[in-house]
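# A look at the structure
Here is what each chain is made of, one letter per residue.
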Amino acid sequence: MPPASTGASAIVLDAAVPSSAASSPTSPDRLAPGGPGYRRMSFALFVAGIATFALLYSTQALLPAVSASFHATAEQASWTVSAATGGLALCVLPLSALSERFGRRQMMTGSLAVAVVIGLLVPFAPSLGWLIALRAVQGAALAGLPASAMAYLAEEVRPKALVGAIGLFVAGNSIGGMSGRVLSGWLTQLWGWRVAVGAIGLLALACAVAFHFMVPAARHFTPATLNPRALAKTVGGHLANPLLRRLYAIGALFMTVFGAVYTVIGYRLTDEPFSLPQGVVGSIFLVYVVGTLSSAGAGRLVARLGRRGALYLALSTTAGGLLLTLADQLAAVLAGLVLITAGFFAGHAVASSSVSRTATTGRAQASAIYQSVYYLGSSVGGALGAVAFHAGGWAGTVALGVLALLGVLSITVYGTRAARSERLRTENVAPMHN
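Reading the values: rules and limits
Residues numbered from 1 in each chain as written. Predicted model: local features only at pLDDT ≥ 70, side-chain atom pairs only at ≥ 80, totals over all residues. Heavy atoms only, no water. Helix = DSSP H or I, 4+ residues; strand = E, 2+ residues; numbered from the N terminus. Buried < 20%, exposed > 50% of the residue type's maximum accessible area, 1.4 Å probe, protein only. Areas by Shrake-Rupley, 256 points an atom, 1.4 Å probe, with all protein chains shown as cover. Phe/Tyr/Trp six-rings, centres within 6.5 Å; stacked < 30°, edge-to-face > 60°. Lys NZ or Arg CZ within 6 Å of the ring centre and 35° of its normal. 1 Å grid on protein atoms, 1.4 Å probe; cavity = no way out; pocket = protein on both sides within 12 Å on 5 of 7 lines; lining within 4 Å. Points joined across faces, edges and corners; volume = space filled by probe spheres on them. Lys, Arg positive; Asp, Glu negative; His and termini not counted. Salt bridge = Lys/Arg side-chain N within 4 Å of Asp/Glu carboxyl O. Polar contact = N/O pair within 3.5 Å; in protein donor to acceptor, adjacent residues only side chain to side chain. Contact = heavy atoms within 4.5 Å. Axes fitted to C-alpha atoms, helices over the stretch in contact; angles between N-to-C directions. Parallel < 35°, antiparallel > 145°, perpendicular 65-115°, else oblique. Left-handed = near helix turned anticlockwise from the far one by under 90°. Expected span 1.5 Å × (residues − 1). Bend = angle between axes of the 7 residues up to and from the residue. Core = buried A, V, L, I, M, F, W, Y, C linked by side-chain atoms within 4.5 Å. Patch = residues over 30% accessible without salt bridge, like charges linked within 9 Å, V, L, I, M, F, W, Y side chains within 5 Å.

Let us now look at the overall build of the chain. Secondary structure summary: the chain contains 17 helices and 0 strands in total. Across the 434 residues that make up the chain, the buried fraction comes to 55%. Just so you have it, the chain exposes about 17,200 Å², and 67% of that area is on carbon and sulfur atoms.

Structure representation (structure tokens):
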């Protein structure tokens, strides 16, 4: 989900499986490749992923045009993105809990319908304040999709086919986030930002209609009684775990960098000395393909370097990319964006997958907390990145990114030292027992 988080699969592959899904994993009426309903289900979740992330980031590539339309600063316009991701961050956990009571399919259908209706209203926003408010509600509505989709797949698909099914949903996330930004960029250049976001709304409407008619009915969902006290206890337990806290902070800080860079990059590239047209700026988001490759290779990276070694490489790659974008040559800026994207997605994939391995109970809640702080990082990063840009230009945004990466570095160094101390303590205790 992440932006379109191509690393999202690392969060959910083993984190969002509810207990009801594990009760009869080999049930013959579960969906499997080649069986009835599997293709419909795959297509339905694929288009839902496209709609979700096309809507969530629909204004990010066209912020300079929004600023010009409302005579707003970059800081003010950036809230059209930050409000959406912030709304999603705040509502992921409560909506995932509601899906346990009212059903995954119902939650996904309702959330997508509300988000699409708001998406069709966004082009008619009379002021920047109204636009930000609509985007906040839209983000909150979209929060019902990610966790519910993962739980639906875990309950309805045979375990051996689960990775492939989730992969298609994540692919929809990635394609939606990337294509939405590219499409809106060119449409803004031709007909203005209102036409662009309206087109994204119509695309999402088509996806929502296809999803409604294609997604199979849930056969293995068992409604659960809402228990806020038990939920609070589980969440509190995760937040009390030092390693999980570090992983949550790493995910949020990486996303702060990424949110700041991609919220402000349009202003840098449409301004001197580049003066690129809006369509070309929107096409810059094609660099997300690099993120798909780096997140997919994160597992091999961890196998070779270890989790902390992979994090050190990811943050150094991201930092190198940030510094490279300071140059006033377009080739250098593009190369820097490639490095930032590759480093971010690798770091996100390592941190998110480590959450599911660390949480021994309540994995769905552990994953939901990660998604909450992850998108909160996007919201904060976009807002602060714009503030830094207003105060110090692109160098100010880069400085904010470097500061966030120093936070990742300090957390990772602390974790490395804590792990080394624990290993030495264990080694010293072992001879005493011998």
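Moving on from the model shown.
Below, the discussion takes up the packing of aromatic side chains. Here the structure, examined in full by the defined rule, presents 14 aromatic pairs. Between the aromatic rings of Tyr262 and Phe285, the centroid separation amounts to 5.3 Å while the plane-to-plane angle is 40°, which identifies the pairing as tilted. Of this pair, Tyr262 sits in helix α12 (residues 242-270) while Phe285 sits in the loop between α13 (278-283) and α14 (288-296); the two residues are 23 residues apart in sequence, bridging distant segments of the chain. According to the relative accessible area criterion, Tyr262 is buried, its value standing at 1%. An angle of 40° between the planes, with centres 6.0 Å apart, marks the rings of Tyr267 and Phe389 as tilted. On the criterion of sequence distance, the pair formed by Tyr267 in helix α12 and Phe389 in helix α17 (residues 363-433) is long-range, its members being 122 residues apart. The burial state of Tyr267 is the same as that of Phe389; both residues are buried. The rings of Phe258, Tyr262, Phe285, Tyr288, Phe344, Phe345, Tyr370, Tyr374 and Tyr375 are connected pair by pair, giving a single aromatic cluster. One cation-aromatic arrangement involves Arg101 over Phe102; the distance from NZ or CZ to the ring centre is 5.5 Å.

The next point concerns empty space enclosed by the protein. If a probe the size of a water molecule is rolled over the atoms, the empty space left behind becomes visible. Estimates place the volume of the largest cavity at around 90 Å³. Taken together, Leu243, Arg246, Leu247, Ile250, Arg307, Arg308, Leu311, Ile411, Thr412 and Gly415 make up the full set of residues lining the largest cavity. Looking at the lining of the largest cavity, the elements that each hand over two or more residues are α12, α15 (298-324) and α17. If one sorts the elements of the lining of the largest cavity by residue count, α12 sits on top with 4 residues.

Let us look at the side chain of Glu156. For Glu156, the location among the structural elements is in helix α8 (residues 146-156). The buried charged residue Glu156 lacks any salt bridge partner; its closest oppositely charged side chain belongs to Arg219, at an N-O distance of 6.0 Å. There is a polar contact of 3.1 Å between the side chain of Glu156 and the backbone nitrogen of Arg219. Glu156 has contacts with Arg30, Leu31, Ala217, Ala218, Arg219, His220 and Phe221, leaving out every residue within four places of it along the chain.

What follows concerns the packing of helix α6 (residues 104-121) against helix α7 (residues 128-142). Closest axis-to-axis distance for the α6/α7 pair is 8 Å, and the angle between their directions is 160°. The angle between the axes of α6 and α7 places the two elements in the roughly antiparallel class. Every pair of crossing elements has a handedness; the one defined by α6 and α7 is left-handed. On α7, the residues touching Ser111, Val114, Ala115, Ile118, Gly119 and Leu121 of α6 are Leu134, Val137, Gln138, Ala141 and Leu142.

Moving on: helix α2 (residues 38-56). A rise of 1.5 Å per residue sets the reference length of α2, with its 19 residues, at 27 Å; its end C-alpha atoms lie 27 Å apart and thus fit the reference within 8%. Of all the 19 residues making up α2, 15 are buried; the element is thus mostly covered by neighbouring parts of the structure.

Here the focus is helix α5 (residues 79-102). Residues three or four positions apart in an α-helix share a direction because the helix packs 3.6 residues into each turn. Compared with an ideal rise of 1.5 Å per residue, which puts 24 residues at 34 Å, α5 spans 32 Å between its outermost C-alpha atoms and is within 8% of the ideal. Approximately 45° is the largest bend angle found in α5, and it occurs at Val92, with the proline Pro94 only one to four residues beyond. One or two positions beyond α5, positive phi appears at Gly103, with a value near 110°.

Counting 111 residues, the largest nonpolar core has Leu45, Phe211, Phe254 and Tyr262 as its most contacted members. Ranked by the residues each element gives to this core, the list is headed by α12, at 14 residues.

This next bit is on the side chain of Thr52. Relative to the helices and strands, Thr52 resides in helix α2. Discounting residues that sit within four places of it in the chain, Thr52 has contacts with Leu142 and Leu145.

Our focus in this paragraph is a nonpolar patch on the surface. On the surface, Leu202, Leu205, Val209 and Phe213 cluster together to form a nonpolar patch covering roughly 390 Å² of accessible area. Within the secondary structure layout, Phe213 lies in helix α10 (residues 193-214). Using a relative accessible area of 61% as the deciding quantity, one classes Phe213 as exposed.

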